[in-house]
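Overview (structure and organization)
This is what each chain is made of:
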Amino acid sequence: MLSRNPPAHKSQPAFYPMTTATAITASAVDRGYVFTATQDWFSFNVETWRKLFPLVSSPIPRALEIGSWEGRSAVFILDELCNDKGSITCIDHFDLFQTPAGRERHAKVQHNLELTGKKFRIMPSFSFPALMTLLEEEMTAADPGFDWIYVDGSHEADDTMLDAELVWRLARIGAIIVFDDYNWDKEPKDSIHHPKRGIDAFMLLHRGEFDVLSSPEQYQKILRKKTDMRIGFLVEGIETRGLHHAFGYDVHVALVADSSFAMPAAVAIRSAMMCTAGRMTFYVMDLGLSVSDREKLSQLVVSRSEVTIVFLSLSKDDLFSARGANWAKISLVQILPVERALYLDADVLVKRDLRSLWETDLQGKPLGAVVDIGHPMGHEGVPKGQYFNAGVLLLDLARVRAMLPRFYALAEERQASEYQDQDVLNVHFRDHWYPLDPEWNAQGLGTYADALSPERDVLDLDRMKTHPSIVHFTGPVDPSVAFVLNPFVQPFTAKPWGYAGAPGHPFAEEWWSRLEETPWKEYRASEEYARCRISTRDRAAEAAIEAFTTRTGF
């Protein structure tokens, strides 16, 4: 932390011995700058700021200052932070030129900044309208945002909080934000007339989104931003990128997991959030997660302030609560507190930004899905027709919920259906689903996706095989011996974390790599996993011998 101390009272200039700061003041006179000697409320910050300037990595630093007075701090920023391509924008109302003092200060700032030979802009305005102008301008800028922001405007707490929030929206990731007068002694620190109260409120709101670089006793509060720039609104007539940020349209991802699927769910969540920019909320239906499972899953989103996780629970009398994860997604439709959701099975690996999928126009259909690569036209248990895989579903929940009564009745009728909920969904939404590109639910990679069949041959699977956006590890966690030895599907399909692994799957190792980024990162090398593989394999072998004995009769 930095600990440069301030003068005793900012509004009454203190005496300084001959230091670097006073030497700079003397040099400023030699260079022709015009400053009032008794109004130097900045130079005591020089040594501290010099230590901070190397943290600004932009080759073209952009600085923003609220409250310039005569331009002393602005000159220092231009001289020592900004190179020939850098610039500063200074906001100060200069009494709106209604007083001689205001007009004089403006003339001094103009004169002093011109002497630097660097790029500058003076906005003679109160901070709020000036910042709103900047926010509007930055919406269409090629490289928006500022790297260094100095807030030294109004001392009123509510004004300071408003300034803080608006400059935050103009700050790039990594930007240094300096709030002056944090330990000002003219007013009580808990007063509405002291900036500290506003700064503290702002910091509470954005907790976890910055690092504090200053010490508690330091006169200035200095932060370094850790999150991406987000202006957060648009104005009519301006075309810009990132509409979802402005409109507040975050991506809602829903999963279902019990304790046995907490670890793969972590990979699904981690891979999704690392590939997808912007605001996301993960809704996890808890079907028996332990306290430890919840804590580990919650840890996944700590590093991204724009990502949150919410755990949902089924009521004990829910129709499908006892049927397990496959059926639980039917109940999920009712309890999700949103109108649109992207459902993901826990056994997926996301490899591309989900927002392009999220923004898909379903053209009035209640859901979007990918055709089932194993059974493109269904199977004997359902009416023949195009059949989708239920591992990735883009849901218009308002439309889905409107069709629920018959949906629940059908689920009761088809409890013994071969593919359980997937069959029910296909029968219920027959002719009422939108086909998504297979890249968004890449099934059977390295195995049955390459097998020839008349139904599969008419599908365009080239992109799914070469550039899948969501990899779905279909097949059992722990396959039976008969499944492993089936000559018609080789390599066999299985999950990467099961006893047999996922041999031949081109993304199995990437799944393990993502697991290394989660709280389960030690699992693959653990004795627990080694023992589990052996015992599960042995049980599969015993079950095969028992089945063989039963079939042969001896």
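Small disclaimer: the values here were computed from a predicted structure and weren't measured. (Residues numbered from 1 in each chain as written. Predicted model: local features only at pLDDT ≥ 70, side-chain atom pairs only at ≥ 80, totals over all residues. Heavy atoms only, no water.)

**A word on the overall build of the protein chain**
Across its full length, the protein chain carries 20 helices and 17 strands. Taking 2.2 N^0.38 as the reference for a compact globule, 554 residues should give roughly 24 Å; the C-alpha atoms of the protein chain span a radius of gyration of 31 Å, well beyond that estimate. The dimensions of the protein chain, computed from C-alpha atoms along their principal axes, are 105 × 50 × 45 Å. Per-residue burial for the protein chain yields a buried fraction of 50% across its 554 residues. Counted over contacts in the protein chain with a minimum sequence separation of 6, partners at least 24 positions apart contribute 74%. (Helix = DSSP H or I, 4+ residues; strand = E, 2+ residues; numbered from the N terminus. Rg over C-alpha atoms; globule rule 2.2 N^0.38 Å. Buried < 20%, exposed > 50% of the residue type's maximum accessible area, 1.4 Å probe, protein only. Contact = heavy atoms within 4.5 Å.)

**Overview of the pairing of strand β11 (residues 340-344)**
Successive side chains on a regular strand alternate, one facing one side of the sheet and the next facing the other. Within β11, four of the five residues are buried, leaving the element largely enclosed by the surrounding structure. Two strands pair when backbone bridges link them, and strand β8 (residues 251-257) and β11 are joined in this way by two bridges, in the parallel orientation. Along β11, the bridge assignment pairs Ala-254 with Tyr-343. (Pairing = 2+ DSSP bridges.)

**Some words on the nonpolar core**
Judged by nonpolar contacts, the single largest core of 58 residues is most densely connected at Ile-269, Met-280, Phe-282, Leu-297, Leu-354 and Ile-470. Ranked by residue count, the leading element in this core is helix α9 (residues 262-275), at ten residues. Among residues more than four places away in sequence, those in contact with Phe-282 are Val-253, Leu-255, Ile-269, Ala-272, Met-273, Val-307, Thr-308, Ile-309 and Val-310. Of all hydrophobic cores here, the second largest spans 31 residues; its members include Leu-314, Leu-336, Phe-407 and Phe-429. (Core = buried A, V, L, I, M, F, W, Y, C linked by side-chain atoms within 4.5 Å.)

**A closer look at the confidence of the model for the protein chain**
Chain-level statistics for the protein chain give a pLDDT mean of 89 and a share of 90% at 70 or above. A low-confidence stretch, residues 1-9 stays under pLDDT 50, and its non-local contacts, those more than four residues away or across chains, total 31 contacts. In the predicted structure, residues 11-23 sits below a pLDDT of 50 and forms 15 contacts with residues beyond four places in sequence or in another chain. (pLDDT = per-residue confidence, 0-100.)

**Here we look at the sheet that holds strand β17 (residues 470-472)**
With mixed pairing, the three strands of this open sheet are ordered in space as β12-β17-β16. The outermost strands of the open sheet, each flanked by one partner alone, are β12 (348-350) and β16 (442-443). With two bridges connecting them, β16 and β17 associate as parallel partners. The residue of β17 that forms the bridge with Gln-443 is His-472.

**Observations concerning the packing of aromatic side chains**
Tallying each qualifying case throughout the model produces 22 aromatic pairs. Relative to Phe-210, the ring of Trp-168 lies with its centre 6.3 Å away and its plane at 85°, an arrangement referred to as edge-to-face. With Trp-168 in helix α6 (residues 157-168) and Phe-210 in strand β6 (residues 210-212), this residue pair connects regions lying 42 residues apart in the sequence. Taking the relative accessible area as the measure of exposure, Phe-210 reaches 11% and is therefore buried. What links up through ring pairs into an aromatic cluster is the set Phe-42, Trp-49, Phe-53, Phe-76, Trp-148 and Tyr-150. (Phe/Tyr/Trp six-rings, centres within 6.5 Å; stacked < 30°, edge-to-face > 60°.)

**So, the pattern of salt bridges**
Counting across every chain of the model gives 31 salt bridges. Across the pair Arg-62 and Glu-138 runs a salt bridge, and its minimum N-O distance is 2.9 Å. Remark: Glu-138 occurs in helix α5 (residues 127-138) and Arg-62 occurs in strand β1 (residues 62-66); sequence separation between them is 76 residues. Glu-138 matches Arg-62 in its accessibility class, with the two residues each being buried. In this structure, the salt-bridge partner of Arg-531 is Glu-527, at a minimum N-O distance of 3.5 Å. (Salt bridge = Lys/Arg side-chain N within 4 Å of Asp/Glu carboxyl O.)

**Some remarks on unusual backbone geometry**
Glycine aside, residues mostly have negative phi angles, and peptide bonds mostly take the trans form. Cis geometry is adopted by the peptide bond preceding Pro-491, which originates at Gln-490 and carries an omega value of -10°. Inspection of the secondary structure puts Pro-491 in the loop between α18 (481-485) and α19 (508-515). Backbone geometry places Phe-97, a non-glycine residue, at a positive phi of 60°. Along the polypeptide, Phe-97 turns up in the loop between β2 (87-92) and α4 (100-116). The partly exposed category is assigned to Phe-97, whose relative accessible area is 31%.

**Looking at the sheet that holds strand β3 (residues 119-124)**
Strands belonging to one sheet form pairs held by backbone hydrogen bonds; the direction of such a pair is parallel or antiparallel. The seven strands lie next to each other as β3-β2-β1-β4-β5-β7-β6, forming an open sheet whose pairing is mixed. Every interior strand has two partners, whereas the edge strands, β3 and β6, have only one. Each strand axis lies, on average, 15° off the axis of its neighbour in the sheet, ignoring direction. Where β2 and β3 come together, six bridges link them in parallel fashion. Paired with Thr-89 across the bridge in β3 is Arg-121. Here helix α7 (residues 195-205) sits on the sheet in contact with β5 (171-179), β6 and β7 (221-225), set at roughly 25° to β7. (Axes fitted to C-alpha atoms, helices over the stretch in contact; angles between N-to-C directions.)

**A short note on the packing of helix α14 (residues 404-413) against helix α15 (residues 420-428)**
Interhelical geometry of α14 versus α15 gives an angle of 135° and a closest axis separation of 10 Å. The pairing of α14 with α15 is recorded here as oblique in orientation. Crossing of α14 over α15 shows right-handed handedness. Contact residues: Arg-406, Phe-407, Leu-410 and Ala-411 in α14; Val-424, Leu-425, Val-427 and His-428 in α15. Its residues assigned to classes, the contact of α14 with α15 shows six nonpolar, one polar and one charged. (Parallel < 35°, antiparallel > 145°, perpendicular 65-115°, else oblique. Left-handed = near helix turned anticlockwise from the far one by under 90°. Nonpolar A, V, L, I, M, F, W, Y, C, P; charged D, E, K, R; others polar.)

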